[in-house]
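Coordinates in review
Here is how the chains run, residue by residue.
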Amino acid sequence: MNKKKKVLLVGGIVLLVLVGVLAALLLFSPEEEEGVDSSSSDSTVNLLEKNINTLTKLTIKNEKDEIVMTQSEDGVFAVEALKGLPTDQSSVKEVFSAMAVIDAVKVVSDSPENLEEYGLADPKTVVEATQKDGERYSLKIGVKSPLNDGYYAMLDGDPKLYLVQINPYGYLSTKAGKDYLSKALTSNDEGKEVEELVQKITLSREDTGRELVFEQVENDAEAHYSPMYASAFVMTSPVKAYVESTYFGDVADAAVSFDAASVVGIFPTQEQLGEYGLLEPTAVYTAFMKDGSQVQVKVGKACYSDPAAEDEKAGTEITGYYVQLVGRDAVYYARTGQMPFLTTTVFDMISQIPFAPNITQVDTLTISAEGVEYLIDFVQTETGSDSNSVEVTGTVNGKEVDKDKLANFYIYVVSALANELYTETPAGSPILTLTFRFNDASLSPLTVAFHDVGDRKASITVNGQTRFATRMAYVTAFFENVKAIAANQAINPNY
């Protein structure tokens with residue numbers, strides 16, 4: 001046999017083997033195991049199909065509750081047990097949709113013999129649907145399958161046993177009427193910015209020991225020396241302070257966008273409110289809206305698991321709190337992460353920079369330190385067509401100083417960080433006073449005074465109001481730096 005014939009023979013044998021293997025796979029491949037979840041496939045079984053708009057009423061009877069849901073002519077859903085409390089429209093619509101078009105994962109049996117085995121001899125959940133023309137039909141839901149891939153169910157008048165998906169049919173067995181209450185405590189249906197909707201926010205918390213007030217101030221005479229990143233809101237009590245836009249933005253958002261995690265109960269008694277800690281709340285968040293309305297959320301006792309989740313075990317760490325929207329007769333559970341107004345520290349909400357005039361706007365800075373007065377005159381010169389390109393030079397007590405050293409000194413001046421709120425009236429005379437006057441005569445001057453209040457701290461009084469305390473080290477280093485700049489020497493930026 002020549003070489004060419006050998007190759008052809010071997011190739012033919014290989015081809016026959018491959019064909020045989022393929023035939024065996026096709027002939028003996030096992031069909032899908034019974035009970036395997038095929039909910040993601042296209043092989044669902046349609047039990048019934050109606051138009052959702054023709055359904056007017058659903059009655060759900062399960063072990064927890066008997067729930068009556070209705071749909072109005074204009075497509076608004078309601079739950080009778082809520083008695084006018086806002087209904088979660090999307091959740092109820094999902095139930096109506098599930099009963100308008102009922103699909104099964106598969107047919108378990110054409111004629112089941114032992115219905116008790118499937119929880120359908122005396123079903124714990126029965127959903128009855130009523131249409132506009134008065135026609136009714138019902139779906140019986142039994143127990144969960146051993147593979148946890150669905151619930152056994154039967155449609156009234158149909159002898160077949162089906163397996164239906166856990167979502168949404170299994171949920172019909174586990175939800176009570178209260179669970180269809182809207183979890184949105186606040187919402188922004190107009191899609192506007194918080195600043196357009198909210199005028200003022202007040203916040204009382206146990207850890208602060210006082211009420212914090214944030215509001216939008218019109219014609220703020222001090223706005224020209226606020227930090228560049230400041231929010232439109234300003235803290236006005238217990239002291240005036242500029243608000244840090246990023247962190248406070250999350251706090252303010254609760255006024256227009258705040259969803260709870262679950263519903264604990266509806267129409268609570270005074271005794272229950274006391275048990276939830278809502279009669280003596282941990283925190284109270286109030287937003288005064290520009291349209292004259294008011295939103296107030298009370299935060300009660302801490303929770304170590306979701307109290308509405310029966311299968312969630314309590315841990316050792318706080319996961320959330322009981323909350324109540326004042327005016328809505330219900331109690332919710334909200335996770336800690338859903339409430340930035342509860343967890344954000346005061347000094348994350350406000351700027352630690354108590355004063356920051358832009359050097360390009362300052363005409364003179366008068367400094368009184370250790371009995372000596374220094375007068376710094378600033379000169380601003382535009383260096384290009386761009387008005388933001390400005391070179392600043394200046395003199396100290398009439399003597400010209402290096403512009404870079406002057407810039408470094410000014411950076412130090414505005415680096416006095418507020419380390420704590422301080423509202424006590426300091427005694428004695430200030431140890432350091434700064435007076436800023438501006439090129440624009442319509443802008444009011446800024447006077448900042450520092451007092452030694454002990455414990456290595458200096459209070460900061462801005463335009464007559466004592467607001468903060470900073471480290472005494474700032475003042476001590478300031479004394480040395482002002483002497484240095486007067487002598488046209490380099491300054492030390494650290495303290």
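You'll find the structure just up there.
Report follows, based on the coordinates. Keep in mind it's a predicted model, so treat the numbers as computed, not measured. (Residues numbered from 1 in each chain as written. Predicted model: local features only at pLDDT ≥ 70, side-chain atom pairs only at ≥ 80, totals over all residues. Heavy atoms only, no water.)

1. With respect to the environment of Y242
Within the secondary structure, Y242 sits in strand β15 (residues 241-244). What Y242 contacts, discounting residues up to four positions off in sequence, is D220, E222, Y225, S226, P227, A230, I350, S351, I353 and P354. A polar atom in the side chain of Y242 sits 2.9 Å from the backbone oxygen of E222. (Helix = DSSP H or I, 4+ residues; strand = E, 2+ residues; numbered from the N terminus. Contact = heavy atoms within 4.5 Å. Polar contact = N/O pair within 3.5 Å; in protein donor to acceptor, adjacent residues only side chain to side chain.)

2. Remarks on the packing of helix α2 (residues 89-100) against helix α3 (residues 166-174)
The interhelical angle for the contact between α2 and α3, taken along N-to-C directions, is 110°, at an axis separation of 10 Å. As judged from the angle between their axes, α2 and α3 are roughly perpendicular. Between α2 and α3, the contacting residues are E94, V95 and A98 on the first element and N167, P168, Y169 and L172 on the second. Residues that form the contact of α2 with α3 fall into these classes: five nonpolar, one polar and one charged. (Axes fitted to C-alpha atoms, helices over the stretch in contact; angles between N-to-C directions. Parallel < 35°, antiparallel > 145°, perpendicular 65-115°, else oblique. Nonpolar A, V, L, I, M, F, W, Y, C, P; charged D, E, K, R; others polar.)

3. So, the packing of aromatic side chains
Under the criterion given, the structure shown has 17 aromatic pairs. An angle of 35° between the planes, with centres 4.6 Å apart, marks the rings of Y276 and Y322 as tilted. Highlighted residues: Y276 in the loop between α6 (270-275) and β18 (283-289) and Y322 in strand β20 (residues 320-325), separated in sequence by 46 residues. Each of the two residues, Y276 as well as Y322, counts as buried. When the ring of Y474 is compared with that of Y495, the centres are 5.3 Å apart and the planes differ by 75°; the resulting orientation is edge-to-face. (Phe/Tyr/Trp six-rings, centres within 6.5 Å; stacked < 30°, edge-to-face > 60°. Buried < 20%, exposed > 50% of the residue type's maximum accessible area, 1.4 Å probe, protein only.)

4. Focus on the pattern of salt bridges
Counted under the stated rule, the structure contains 14 salt bridges. A salt bridge links E135 to K50; the nearest nitrogen and oxygen atoms lie 3.5 Å apart. Of the two residues, E135 sits in the loop between β7 (125-131) and β8 (136-144) while K50 sits in the loop between β1 (45-49) and β2 (55-61), which places them 85 residues apart along the sequence. Judged by its relative accessible area of 35%, E135 is partly exposed. For K50, a relative accessible area of 26% corresponds to the partly exposed category. With a shortest N-O distance of 3.0 Å, K192 and E190 are connected by a salt bridge. What you see here is one network of salt bridges that share partners, running through D220, E222, K240 and R467. (Salt bridge = Lys/Arg side-chain N within 4 Å of Asp/Glu carboxyl O.)

5. Some details on the environment of I67
In this structure, I67 sits in strand β3 (residues 66-71). When the C-alpha atoms of I67 and V127 are compared, they prove to be 9.4 Å apart, with 60 residues separating the residues in sequence. Each residue touching I67, except ones within four places of it in the same chain, is listed here: L58, T59, I60, N62, V79, K175, A176, G177 and Y180.

6. Here we look at the sheet that holds strand β14 (residues 230-237)
As a general point, the strands of a sheet are linked pairwise by backbone hydrogen bonds and lie either parallel or antiparallel. Across the sheet, which stays open at both edges, the nine strands sit in the order β15-β14-β13-β12-β18-β19-β20-β21-β17 with antiparallel pairing between neighbours. Edge positions in the sheet fall to β15 and β17 (262-266), since each has one partner strand and no second. On average, each strand axis in the sheet is tilted by 25° relative to the strand beside it, whichever way the strands run. Strand direction decides the pairing type here: β17 and strand β21 (residues 330-335), joined by four bridges, are antiparallel. Within β21, the position partnered with V263 by the bridge is Y332. (Pairing = 2+ DSSP bridges.)

7. Points about the sheet that holds strand β24 (residues 390-396)
Taken in spatial order, the nine strands make up an open sheet running β25-β24-β23-β22-β27-β28-β29-β30-β26, and their pairing is antiparallel. Edge positions in the sheet fall to β25 (399-400) and β26 (420-421), since each has one partner strand and no second. In terms of strand pairing, strand β22 (residues 362-369) meets strand β27 (residues 432-438) through seven bridges, oriented antiparallel. By the bridge assignment, S368 is partnered in β27 with T433. Of the strands in this sheet, β22, β23 (372-382), β24 and β27 are in contact with helix α9 (residues 403-413), which crosses β24 at around 85°. The strands touched by helix α10 (residues 472-486) are β22, β23, β24, β27, β28 (446-454), β29 (457-462) and β30 (465-471); relative to β30, the strand with the most contacts, the crossing angle is about 85°.

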